[in-house]
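# Examination of the molecular architecture
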Amino acid sequence: MKWTNVRLIFLRELRDQLRDRRTLFTIAVLPLLLYPLLGMSFFYVSQFLHEKPTRVWFLGADALPDEPALIVCDESEKCVFSSEFCPKSQADLIELSADAPLDAATARKIAQEMAGVAPAGDASSQNGAARRSAARSSPTLSKLAQETMKSGKYDVVVYVPPDFAAKLARFQATLRPGGGESPSSDSDSNPSSPADVDVDAVPTPHIFANSASDKSRMAKLRVDDVLQRWRERIVESNLERSSVPVAATKPFELVTNDVAEDEMRRAAVWSKILPFVVLVWALTGAFYPAVDLCAGEKERGTLETLLSSPAQRSEIVWGKLLTIMTFSMLTSILNMLCMGFTGLFIMQKLGAGGMAATGLNLGPPPLASMGWLVLGLIPISAMFSALTLAIAAFARSTKEGQYYLMPLLLITLPLMMLPMLPAVQMDLGMSLIPVTGMMLLLRSLIEGQYADALRYSVPVVLVTAACCLASIRWAIDQFNNESVLFRESERFGLGTWLRHLVRDRRATPTVSEAVLCGVLVLVLRFFASLMAGQPDSWSELAIATSIMQVALIATPALLMTIVLTRDRRRTLLLSLGHPLAIPMAVLLALSLNPAVHLLSWAVQSLYPLSEGTKLAFQPLEEAIAGAPLWQLLLVMAVIPAVCEELAFRGFILSGMRHIGHKWAAIGLTALMFGVAHGILQQSLTAAATGFVIGYLAVQCGSIWPCIAYHVTNNAAAVLASRLTPETLSQYPALNWLFYFEPATSATGEAAGSLEFQAPLVIVASLLAVAILYWFRRIPFRPSDEERLQTALDRQSVPVTAK
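Note that the structure is predicted; figures quoted are calculated from it, not measured. (Residues numbered from 1 in each chain as written. Predicted model: local features only at pLDDT ≥ 70, side-chain atom pairs only at ≥ 80, totals over all residues. Heavy atoms only, no water.)

Per-residue pLDDT for the protein chain has a mean of 79; in total, 84% of the residues score no lower than 70. Segment residues 796–802: pLDDT under 50, and 15 contacts once partners within four positions in sequence are set aside and those in other chains are kept. (pLDDT = per-residue confidence, 0-100. Contact = heavy atoms within 4.5 Å.)

Shown next, in the form of structure tokens:
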């Protein structure tokens, strides 16, 4: 590759983009105007934001005690909450209506329902517990309050029983020393105690609100605030009557001392905001130039001129990539600066007092954070630019390319939002997640946690670099495939599409059909897992697992094979292949089992299962532990091996091989295979196992070694679960192979896990490498696209595609 050609293409594309007024407006002018306009709009909108008063219907104001007075009325009989419990700023927001009493019959019926008294004609008696349960609701009052709030007349209804003051006085009397005895008893010798207090004498006011209405919820919060202050004042009064100091309710106070400096607090806030903003704008800033440089050139007819130049396709990709990276970084940096300056200006205008009241003194971010953001922006922009370049090359037109932005955002946004969660911290497991690891690394650097950043910088850089290289490789492959670059526009018609499926069927499925099958299997399995309940026994678990494997995994693949392909035998890899492939696959599964076990342990160490998940799986483990061994092997080993291999290494892998890279096809199929297992920890291990099985499928050209490997791998796990310390003591020879590691189960019971002896792991791993080398020597049948890609890589034929 000649970097002179790359530089010429980069300068050409950069010059063309700078001549485009729309690009200049989007990159430079729009950030300068957008955020000030947003700030101006915020100020204008804030002028219309004012709190409106809430209307409260207070029933039973006459039953309130005189001291402390909750409601006061002036000469014009206008009632408000007492200023002692409701400050003027809050009183202006509450319109109290206490002069609209109920009619006598309704009031009597409500009082009976609230007190738990049966209506007239019903002589049944109720105990205190029943009365208190009935006092929690009144159908009549609930219906009345619902109709009143639904009509919009009031936002909240407060009801006080008619005997509220009397009950409160009796209750307070029981709290005085000697107040709970009979009149004939000696008050000095028989003081009241907490056990003598009649809990049924405690008054029960009620508040009715509509949680489906924002106005009603706000009104309830305001009334609750007033009533809480009133209640606290009554509590203080009760303590005084009981000769108990008020300070007894607060035996001590906690004093919180914040040792963080202002710069540290600012860094903690900006470390969550700035990386997210930078990455979002890096993706957005890369997408639109990529669409214009690829799909736009297709529409303008200038792409053919560039492709006919002496420059190689990889040089063209690198030139366009550098151009997209430049605009991606400029867009991100300009938007970050403009948003920061505008945000700080708005916060200053809002007033330092309001910010100090919230405990947040948000000033400018630390100066060093700008340098860390620019440094982290380089690999992220490279990855996003390569992804968008490959996607834009696939698009037929600018309009189609713009449609692809939303799926790309939906995939990357969860990875960007994950580091913003409070519980997510930088560790080895998080550092291995693309995008998330980079955001956490930037967060640690901005907060000044350089030790953590240095500890995990290597895995973050390696993962990001691997994603960048994979994205660039994908973009180069897209440009090497002229059937992708010069796809014709299509109009979808149901009849035309159905005729195309029948008339133009290929021997094996296409890439899109393989992806469709994989997505269909994943979606069906996802909804089936949501609808399926927790099995109560082994028989229910066996039936559910078998139905899911046959109906939701194997059946879609077999139906699509019958409908969409002509050569079913070649699609499902039903040929026998090499005569020694099956026994060698069994031996490979046994030799790789210790390594797979170590991988599973490493995955669970990086991403441990929560205690809730362990408890949820415990009934399944108990059901499996009591199952007959032959049924367990059939359901957990044989049926999944046959069904999953027909779907993933049969139909899906056969279609994926039309990509042109066998390793990419194997990897994508393994990724789908891993996701189909649902649980993250199991998915990662299954993906690694699926990669090995996919390699066997490609090398042997047969699905039978894959099934043999799958059955052996699952059967080994099932048999290992049946080994116990008693088994090892009964057969001492097994101690050369295994040992038990003591552990504790989720319920606190003593448990243990079966581990392999270190010499066995080493010997088995060396044997597995030798077997894999044996499979490598088997000549495999490449697809047409793989032969073409090999020729392109060697640059021995012109760039053409079938």
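Our focus in this paragraph is the sheet that holds strand β5 (residues 156–159). Reading across from one edge, β4-β1-β5-β6 is the order of the four strands in this open sheet, with mixed pairing throughout. Both outer strands of the open sheet, β4 (94–97) and β6 (206–209), are each paired with one neighbouring strand and no more. Put simply, the sheet's adjacent strands are angled 20° from each other on average, direction ignored. Here four bridges tie β5 to β6, and the two strands are oriented antiparallel to one another. Across the sheet, the residue bridging to V156 is A209, located in β6. This element, helix α6 (residues 139–151), spans β1 (54–59), β5 and β6 of the sheet and lies at about 40° to β6. Packing of helix α8 (residues 214–241) onto the sheet brings it into contact with β1, β4, β5 and β6, and relative to β6 it is tilted by some 160°. (Pairing = 2+ DSSP bridges. Helix = DSSP H or I, 4+ residues; strand = E, 2+ residues; numbered from the N terminus. Axes fitted to C-alpha atoms, helices over the stretch in contact; angles between N-to-C directions.)

Another point: the nonpolar core. Counting 71 residues, the largest nonpolar core has M383, F384, L389, M416 and F479 as its most contacted members. Breaking this core down by element, the ones donating at least two residues are α9 (262–293), α11 (303–307), α12 (313–350), α14 (367–394), α16 (405–417), α18 (436–446) and α19 (450–480). Contact partners of M383, with chain neighbours within four places excluded, come to V435, C467, C468 and S471. Judged by nonpolar contacts, the second largest core, of 43 residues, contains I553, L592, V692 and A697. (Core = buried A, V, L, I, M, F, W, Y, C linked by side-chain atoms within 4.5 Å. Buried < 20%, exposed > 50% of the residue type's maximum accessible area, 1.4 Å probe, protein only.)

With respect to the helices, strands and loops of the structure, S82 is situated in the loop between β3 (79–81) and α3 (88–91). Considered as a pair, S82 and P68 are 14 residues apart in the sequence and their alpha carbons are 9.3 Å apart. In this view, S82 contacts A69, L70, I71 and V72; residues no more than four positions away in its chain are not counted.

Moving on: the state of the cysteines. Disulfide: a covalent bond connecting the sulfur atoms of a pair of cysteines. What the rule picks out here adds up to one disulfide. The disulfide partner of C73 is C79, and the gap between their sulfur atoms is 2.0 Å. Linking C73 and C79, the disulfide has an S-S dihedral of approximately 90° and is accordingly described as right-handed. The buried category is assigned to C79, whose relative accessible area is 11%. In this structure C467 is not part of a disulfide, and its nearest cysteine sulfur, from C468, lies 7.1 Å away. (Disulfide = S-S within 2.5 Å.)

Of the two faces of β5, the one carrying V156 and V158 and the one carrying V157 and Y159 are both buried. Pairing of β1 with β5 involves four bridges; the strand directions are parallel. Following the sheet pairing, W57 is matched in β5 by V157.

For the rest of this paragraph, the subject is empty space enclosed by the protein. Under the criterion given, the structure shown has two cavities of 30 Å³ or more. In this structure, the largest cavity encloses a volume near 40 Å³. What lines the largest cavity is S271, K272, P275, P419, M420, M439 and R443. At the level of secondary structure, the elements contributing two or more residues to the lining of the largest cavity comprise α9 and α18. (1 Å grid on protein atoms, 1.4 Å probe; cavity = no way out; pocket = protein on both sides within 12 Å on 5 of 7 lines; lining within 4 Å. Points joined across faces, edges and corners; volume = space filled by probe spheres on them.)

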